[in-house]
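Secondary and tertiary structure notes
One-letter residues, chain by chain:
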Amino acid sequence: MPEGAPRRVVVTGLGAVSSLGTGARTFAKAIREGRSGVSPIRSFDASGFPYTFAGEVHDFEPERLLRRLRVDEWGRSSLFAASAARLALMDADVDPGQVAAARAGSAMGTTLGESAVIEALTSQWVHGGLKDLDPALVRQAPAGRIATAVNAELGLTGEAHTIATACSASNYTLGYAYDMVRTGEAEFMISGGADSVNRWEHAGFYRLGALAESVCRPFDTHRSGILTAEGGVALFLEPLEGAVARGARIYAEVLGYGVNCDAKHPVAPDPTSIAECIRAAHRNAGVRPEDIDYICAHGTGTPTNDATEVKAVREVFGDELPPISSIKSMIGHTMGAASGFGALICCMALHDGFLPPTANVTETDPALGPGVDCVPGTGRAASPRIVQNHGFAFGGNNAITILGRAACRP
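These lines cover the structure that appears in this document, whether it is placed above or below. These numbers were taken from a predicted model, which means no experiment stands behind them. (Residues numbered from 1 in each chain as written. Predicted model: local features only at pLDDT ≥ 70, side-chain atom pairs only at ≥ 80, totals over all residues. Heavy atoms only, no water.)

Moving on, we get to the overall build of the protein. Helix and strand counts for the protein stand at 13 helices and 15 strands. In terms of overall size, the protein behaves like a compact globule, its C-alpha atoms giving a radius of gyration of 20 Å where 410 residues would be expected to give roughly 22 Å. Overall size of the protein, expressed as C-alpha extent along the three principal axes, is 60 × 50 × 40 Å. Relative to its 410 residues, the protein shows a buried fraction of 60%. A sequence separation of at least 24 residues applies to 77% of the contacts in the protein between residues at least 6 apart. (Helix = DSSP H or I, 4+ residues; strand = E, 2+ residues; numbered from the N terminus. Rg over C-alpha atoms; globule rule 2.2 N^0.38 Å. Buried < 20%, exposed > 50% of the residue type's maximum accessible area, 1.4 Å probe, protein only. Contact = heavy atoms within 4.5 Å.)

Below you can see the structure in the form of structure tokens.
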């Protein structure tokens, strides 16, 4: 580790490719209005399923965003990641040549990797055997290419690290990227995640009994499950001192994070482990529960997840809960990109002054206990100073990040 005190790290660029549109501001505006990005599935034949809705990115045209990659050489998840990263770099208004020449790299999260590619290869194998596998598709299959695509698109020569801790993966990447910049191992980092809707994922969640029919209702009395979704998200991180020196717009400061894994059950979350992860994040960030103004929940909309999440939050906060909402109510569950989209909306909330809503709530479930403010309906004007972003995954992989206004470090 380089000598000297750890550096403060800020987010100065945001990129989103989502079912609610392309670009961070387009995405944030739609979230703030409580709009839905869910629609009937187009990417595969869903006619055999009783549930046929997902948060798909329609009319995705990566060639309009990318400058270096040849689109036909990369899978859909990699193209989501590279496109979001290009948007984040543009949003940061930094010289691309300066970034490429510096110690700079990427950390990207995923659940299913190049799932659409794997599905196509599996079909070829089933129908024609190994000899019929398309070599071009085989080359696109490794999940590690998701971060590699970001480096290749932006000309970065630092590490390209893909983290596959499922639905908490983007929070893992944000913590990792934060450490890289904080310690001086990197001057700039891209953090985020990407995943693609596909048939076998949809079938898997249906078989688990975790799918909602057409509407995701986190924290609602009548919530019934998730909606599968896709997209790519990226955050551009740099040292505070450098950002100030170049007059950059600072969305937020990364204050710290916590990660753990209880490894108790393949799919059921554990409230005690989640509560300890929250405490670890608070310790790492140097904050107290009373400092947190808002929680961006994992909030999948399954009966078990939402109850467990609120129970864990109560273990740390008592009955004085900060507002807690779920953007999955609007975009569905984007898997490895989910907590990255959460981090992005937290940055926008801190910068623009609002609380993101939970859409589709008609009655907050009384079984969750008193004081649950899930910001129902549409966004609420507010001035959050410090916010907490949740990411939980199968296998008990938990990751929580803490962000704040740069001027509000405790």
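What follows deals with the pattern of salt bridges. Following the criterion strictly, the structure yields 24 salt bridges and no others. Here Glu-33 and Lys-29 are joined by a salt bridge, their closest N and O atoms 2.6 Å apart. The residue Asp-319 makes a salt bridge to Arg-314 at a minimum N-O spacing of 3.1 Å. Linked through salt bridges whose partners overlap, the residues forming this network are Arg-7, Arg-103 and Glu-187. (Salt bridge = Lys/Arg side-chain N within 4 Å of Asp/Glu carboxyl O.)

With that settled, consider the pairing of strand β7 (residues 188-195). Within β7, eight of the eight residues are buried, which leaves it mostly tucked inside the rest of the structure. Burial along β7 is two-sided: the face carrying Phe-188, Ile-190, Gly-192 and Ala-194 and the face carrying Met-189, Ser-191, Gly-193 and Asp-195 are both buried. Relative to β7, strand β5 (residues 104-109) runs parallel, the two sharing six bridges. Bridging from a neighbouring strand, Gly-109 pairs with Gly-193 of β7. (Pairing = 2+ DSSP bridges.)

What follows deals with unusual backbone geometry. The residue Asp-59 is not glycine, and still its phi comes out positive at about 55°. Within the secondary structure, Asp-59 sits in the loop between β4 (53-54) and α2 (76-92).

It is worth spelling out a nonpolar patch on the surface at this point. Residues Leu-208, Val-267 and Phe-394 make up a contiguous nonpolar surface patch of about 260 Å² in total accessible area. If you trace the backbone, Leu-208 turns up in the loop between α8 (199-207) and β8 (231-239). (Patch = residues over 30% accessible without salt bridge, like charges linked within 9 Å, V, L, I, M, F, W, Y side chains within 5 Å. Areas by Shrake-Rupley, 256 points an atom, 1.4 Å probe, with all protein chains shown as cover.)

Across all of its chains, the model carries zero disulfides by this definition. Considering cysteine sulfurs only, Cys-374 is the nearest to Cys-216, which forms no disulfide, with 12 Å between them. Cys-346 supplies the cysteine sulfur nearest to Cys-296, a cysteine that is in no disulfide, at a spacing of 4.4 Å. Exposure remark for Cys-296: the relative accessible area of 2% places this residue in the buried category. (Disulfide = S-S within 2.5 Å.)

Glancing now at the pairing of strand β1 (residues 9-18). In terms of burial, β1 is largely enclosed, as 10 of its 10 residues are buried. Relative to strand β9 (residues 252-261), β1 runs antiparallel, the two being bridged by three bridges. Residue pairing in the sheet places Val-9 in a bridge with Val-254 of β9. The pairing of β1 with β8 spans eight bridges and is classified as antiparallel. By the bridge assignment for β8, Gly-13 is matched with Phe-236. As paired strands, β1 and strand β2 (residues 21-22) are joined by two bridges and run antiparallel to one another. If you follow Ser-18 over to β2, its bridge partner there is Gly-21. Between β1 and the antiparallel strand that follows it, β2, lie two residues.

What follows concerns the packing of α2 against helix α6 (residues 145-154). It is at 8 Å that the axes of α2 and α6 come closest, and there the two elements cross at 40°. The pairing of α2 with α6 is recorded here as oblique in orientation. Of the two elements, α2 crosses α6, and the hand of that crossing is right-handed. When α2 is examined against α6, the residues Ser-77, Ser-78, Ala-81, Ala-82, Ala-85, Arg-86 and Leu-89 are found in contact with a partner set consisting of Arg-145, Ile-146, Ala-149, Val-150, Glu-153 and Leu-154. Its residues assigned to classes, the contact of α2 with α6 comprises eight nonpolar, two polar and three charged. (Axes fitted to C-alpha atoms, helices over the stretch in contact; angles between N-to-C directions. Parallel < 35°, antiparallel > 145°, perpendicular 65-115°, else oblique. Left-handed = near helix turned anticlockwise from the far one by under 90°. Nonpolar A, V, L, I, M, F, W, Y, C, P; charged D, E, K, R; others polar.)

Quick look at the packing of aromatic side chains now. Under the definition given, this model contains eight aromatic pairs. Here Phe-49 and Tyr-206 contribute two aromatic rings whose centre-to-centre distance is 6.5 Å and whose plane-to-plane angle is 85°, an arrangement assigned as edge-to-face. One end of the pair, Phe-49, is in the loop between β3 (39-40) and β4; the other, Tyr-206, is in helix α8, with 157 residues separating them in the sequence. Judged by its relative accessible area of 12%, Phe-49 is buried. Classification of Tyr-206 by relative accessible area gives partly exposed; the value is 34%. (Phe/Tyr/Trp six-rings, centres within 6.5 Å; stacked < 30°, edge-to-face > 60°.)

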